[in-house]
Amino acid sequence: GFQIMSIAVVASGRTIKPGLRRFTHSESRHLEIHSTRDVFFKNRWVATQVYRLEDFQCGHTVNGPAIIEAPDTTVVVPEERKIRVDEYGNMIMEFL
């Protein structure tokens, strides 16, 4: 008899590209500091501002050192870095 060991299918087709939602810049550049805590950076403790991710909107920028917390992730912004939110809601880390 015959035995089938594996089956593979290759398909292609046309799809509609999803539209990316663009956000408008926040009216306020101010972000509320949730708390401050000491964080160990480069062999020393540094007083670090802690923010909530849910407070960030398009156009917001934070200079490091900073911690951005959410229920499912934490973003560490080291010294000499900044993070900004672009029009698509992405958080972009750059050198100061």
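Report on the accompanying structure. In this text, all values refer to a predicted model and were calculated from it rather than measured experimentally.

We now examine the environment of Gln57. Along the chain, Gln57 falls in the loop between β2 (44-52) and β3 (61-63). Each C-alpha atom of the pair Gln57 and Tyr88 lies 9.8 Å from the other, and the pair is 31 residues apart in sequence. Not counting residues within four places of it along the chain, the set of residues in contact with Gln57 comprises Ser26 and Val85.

Spatial strand order, β1-β2-β4-β5: 4 strands in an open sheet with mixed pairing. Each edge of the open sheet carries a strand with a single partner, namely β1 (35-41) and β5 (73-77). Direction aside, neighbouring strands of the sheet carry axes that sit 30° apart on average. Direction of pairing for β1 relative to β2: antiparallel, over a ladder of 7 bridges. Paired with Asp38 across the strands is Ala47, a residue of β2.

This part takes up the sheet that holds β3. Taken together, the 3 strands give an open sheet; going across it, the order is β3-β6-β7, and neighbouring strands pair in antiparallel fashion. Both outer strands of the open sheet, β3 and β7 (91-95), are each paired with one neighbouring strand and no more. On average, adjacent strands in this sheet sit at an angle of 20° to one another, irrespective of strand direction. For strand β6 (residues 81-85) and β7, the ladder comprises 5 bridges, and the chain directions are antiparallel. Opposite Arg81, over in β7, you have Phe95 as the bridge partner.

The rules behind each value
- Residues numbered from 1 in each chain as written.
- Predicted model: local features only at pLDDT ≥ 70, side-chain atom pairs only at ≥ 80, totals over all residues.
- Heavy atoms only, no water.
- Helix = DSSP H or I, 4+ residues; strand = E, 2+ residues; numbered from the N terminus.
- Contact = heavy atoms within 4.5 Å.
- Pairing = 2+ DSSP bridges.
- Axes fitted to C-alpha atoms, helices over the stretch in contact; angles between N-to-C directions.

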